[in-house]
Amino acid sequence: MRDHPHEGAAAPGNHGSTEGSGSGARPVGGSHADVPEVWHGSATNRVQWLLAAVGAACLALGIELAVDSAWTSSLAPLVMAVVGCVAVGLLVLFGTLAYVHVSVRVDMECLEVRCGHIGVPRRRIPLDSVVGADFAPRVTPRHWGGWGYRWRPEQGTAVVVRRGEGLVLQLGDGRTFTVTVDDAEAAVRCIRRRLRMRGGTPAGA
């Protein structure tokens, strides 16, 4: 797994284009011989574990306040402190652990993305709804508004767990779906082959 510290990324609006040197995505070639029947890929950002530790510390503080504090006076401030610490701890833990890792699977029928080590949240995109696939050499949280599962009304959705290469799907409704994954070029080749087998002509092919 690798984290690519590139900040000069093209904006998400450029991911769907394969023309021009300024585009964030580019065509990917490759013969059918090197495309597997089922493609698996993943990406990891170990820096997220530091944020998870902060969330765990907040949760532990809330539990300690609830167990060890005297509840005989100043009840309201103590309840607020306990609830606040526990809530912040749980939110930070979920928001980081869910996006420490992402796995991508492409088979004959769909692309499936599972986040975190328990696979939640998850998204399944049927290839029938895909019209093209592109390789994006630089995907950054800065252009999607942060880490995790992101949505931009004018563009589409993305799963961003680290900076670096990613896969961009062009969907039939005009939106895109972007996911950061290692060896994204191989995923693009696999998806384009699937689309050709279905009788379509994938964009960028």
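Scroll up to find the structure.
The text that follows walks through the structure, step by step, so that each part is easy to find. Not measured: the values here are computed from a predicted model.

In this section: unusual backbone geometry. Phi is positive for Asp-183, which is not a glycine, with a value near 55°. In this fold, Asp-183 is placed in the loop between strand S9 (176-180) and helix H3 (184-197).

With that settled, consider the environment of Ala-81. Turning to its location among the elements, Ala-81 is positioned in helix H2 (residues 75-97). Judged by relative accessible area, which is 30%, Ala-81 ranks as partly exposed. Along the primary structure Ala-81 and Ala-66 are separated by 15 residues, whereas in three dimensions their C-alpha atoms are 9.0 Å apart.

Time to look at the nonpolar core. Formed by 29 residues in total, the largest nonpolar core has its most connected members in Leu-111, Val-113, Leu-167, Leu-169, Phe-177 and Ile-191. Breaking this core down by element, the ones donating at least two residues are strand S1 (39-44), strand S2 (101-106), strand S3 (110-115), strand S5 (130-139), strand S8 (164-171), S9 and H3. For this core, the leading source of residues is H3, giving seven residues. The contacts of Leu-169, once residues within four sequence positions are left out, are Leu-111, Ile-125, Val-130, Gly-132, Ala-133, Arg-175, Thr-176, Phe-177 and Ile-191.

Calculation criteria
Residues numbered from 1 in each chain as written. Predicted model: local features only at pLDDT ≥ 70, side-chain atom pairs only at ≥ 80, totals over all residues. Heavy atoms only, no water. Helix = DSSP H or I, 4+ residues; strand = E, 2+ residues; numbered from the N terminus. Buried < 20%, exposed > 50% of the residue type's maximum accessible area, 1.4 Å probe, protein only. Core = buried A, V, L, I, M, F, W, Y, C linked by side-chain atoms within 4.5 Å. Contact = heavy atoms within 4.5 Å.

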